[in-house]
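Residue-level listing of the chains:
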Amino acid sequence: MATIFSKIIAREIPAEILFEDEVCLAFRDINPQAPIHFLVIPKKEIVSLAELSGEDEQIVGRCLMVASLVAAEQGLTGGYRLVANAGQDGGQEVPHLHFHVLGGRQMSWPPG
Ligand code: DGP
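Residues numbered from 1 in each chain as written. Predicted model: local features only at pLDDT ≥ 70, side-chain atom pairs only at ≥ 80, totals over all residues. Heavy atoms only, no water.

(A) Just the site of the ligand, in detail. Taken together, 16 residues lie near the ligand, and Asp 29, Asn 85, Glu 93, His 98 and His 100 sit nearest. Asn 85 places a polar side-chain atom, nitrogen or oxygen, 2.8 Å from an oxygen atom of the ligand. Coverage of the ligand by the protein chains reaches 86% of its 510 Å² of free accessible surface. Elements that contribute at least two residues to the shell around the ligand include exactly α1 (4-9) and β2 (24-28). Among the elements that line the shell around the ligand, the one with the most residues is α1, at 3 residues. Broken down by class, the residue content of the shell around the ligand amounts to 8 nonpolar, 5 polar and 3 charged. (Near = heavy atom within 4 Å. Polar contact = N/O pair within 3.5 Å; in protein donor to acceptor, adjacent residues only side chain to side chain. Areas by Shrake-Rupley, 256 points an atom, 1.4 Å probe, with all protein chains shown as cover. Helix = DSSP H or I, 4+ residues; strand = E, 2+ residues; numbered from the N terminus. Nonpolar A, V, L, I, M, F, W, Y, C, P; charged D, E, K, R; others polar.)

(B) Main features of the pattern of salt bridges. For the structure on display, the rule yields 6 salt bridges. Between Glu 20 and Lys 43 there is a salt bridge whose closest N-O contact spans 2.8 Å. With a gap of 23 residues between them, Glu 20 in strand β1 (residues 17-20) and Lys 43 in the loop between β3 (36-42) and α2 (57-73) connect regions that are remote in the sequence. Accessibility expressed as a relative area gives 34% for Glu 20, which makes it partly exposed. Among the ionic pairs, Arg 62 bridges to Asp 21, the shortest N-O distance being 2.7 Å. In this pair, Arg 62 sits in helix α2 while Asp 21 sits in the loop between β1 and β2, placing the two residues 41 residues apart along the sequence. The exposure class of Arg 62 is partly exposed, given its relative accessible area of 29%. With relative accessibility at 12%, the residue Asp 21 sits in the buried group. Within this structure, Arg 11, Glu 20 and Lys 43 form a network of salt bridges that share partners. (Salt bridge = Lys/Arg side-chain N within 4 Å of Asp/Glu carboxyl O. Buried < 20%, exposed > 50% of the residue type's maximum accessible area, 1.4 Å probe, protein only.)

Honestly, it's all geometry; don't read function into it.
The structure is reproduced here in structure tokens:
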């Protein structure tokens, strides 16, 4: 399913891109919830973690590796929060799999 994130991948709308390879894209969230808040998405149009197929295992693994690499590049030496909202109960708004990376402040628990 094509979403706004497909347009970011295609450079049809602007985003502050932090990392790109053949599998993933990382860019800053338009509505940051922490001093550092970026998203890592697969280029493949996967709806959510609830919609994975077997062939997506390496893609998801690469996205998590990219989240770690970009977090380090962004200087998040004190730690960070990784969030993947899935589906309606998970609060997912954009139906293209994405991992939020939030850092630069103390995170609280439980999330809302
Ligand atoms: P979620 O609720 O997990 O589906 O979060 C979607 C996130 O995507 C939300 O934090 C805002 C972000 N977002 C939505 N549209 C855009 C956009 O056009 N550009 C950027 N950079 N981020 C967006």
